[in-house]
Amino acid sequence: MEPENRISNKALTVWKISGLISCSITWIISIAVLVLTIIFDWTYWVIGALVLISIIQSYLAIFLIPSVKWKRWRYEVRNTEIDIQSGIFVIKRTLIPMIRVQHVETKQGPLLRKYDLASVEISTAATLHVIPALDLAEADELRHYISRMVSVEEEDV
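Criteria and cut-off values
- Residues numbered from 1 in each chain as written.
- Predicted model: local features only at pLDDT ≥ 70, side-chain atom pairs only at ≥ 80, totals over all residues.
- Heavy atoms only, no water.
- Core = buried A, V, L, I, M, F, W, Y, C linked by side-chain atoms within 4.5 Å.
- Buried < 20%, exposed > 50% of the residue type's maximum accessible area, 1.4 Å probe, protein only.
- Helix = DSSP H or I, 4+ residues; strand = E, 2+ residues; numbered from the N terminus.
- Contact = heavy atoms within 4.5 Å.
- Salt bridge = Lys/Arg side-chain N within 4 Å of Asp/Glu carboxyl O.
- UniProt positions renumbered as here; feature names shortened; annotations may be inferred.

The next subject is the nonpolar core. Core analysis: the largest hydrophobic core is formed by 27 residues, its most contacted members being Ile82, Ile131 and Ile146. Contributing elements (two or more residues each) for this core: helix H1 (10–40), strand E2 (74–77), strand E3 (81–86), strand E5 (101–107), strand E6 (117–124), strand E7 (128–135) and helix H4 (136–156). With five residues, H4 is the largest single contributor of residues to this core. Every residue in contact with Ile82, bar those within four places of it in the chain, is listed here: Glu76, Val77, Thr94, Leu95, Ile96, Met98, Val101, Ile122 and Ile146.

What follows deals with the pattern of salt bridges. According to the stated counting rule, one finds eight salt bridges in the structure shown. Note that Glu76 is salt-bridged to Arg78, the shortest N-O span being 3.6 Å.

Backbone geometry at Asp41 places phi at a positive 55°, although glycine is not the residue there. Mapped onto the secondary structure, Asp41 falls in the loop between H1 and helix H2 (45–72). By relative accessible area, Asp41 is classed as exposed at 57%. One non-glycine residue, Ala133, adopts positive backbone phi at about 50°. With respect to the helices and strands, Ala133 occurs in strand E7.

The positions UniProt marks with the feature "domain: YdbS-like PH" (unreviewed entry) are residues 70–146. Taken end to end, residues 70–146 is 25% helix and 51% strand, and its two terminal C-alpha atoms sit 23 Å from one another.

What follows is the structure, given as structure tokens:
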């Protein structure tokens, strides 16, 4: 059974803006190559290939990947474990035992802050797990809940 909780709908907007920013870099490079092609009289198929690649990358990064990513991302926090599902083409499920959690924190970048979102980062000895783009209040509540559950687990040991 997959986890029940989804990340915020506003994550789609943030991911689309991030995709737009990354695509703008590709378009700038494509325009620079276009100018160089005209100046140095290179073969023109390079322009067509770059434009095609830029269009495909723009569609994937701005429209397709954010929506698929949002549909796949799920999480659930239980008393003894955290269940995270992620992935675009390959679905990854991660179960984190509460007893393995070392600390938990929220993180905001400029885009997340603009849309009142935050990511929850869960640290274990092995790695860092992230639940991205939750509403700020939900992220804070989740951070406090996990912190309390970790304290309860430590008392039981």
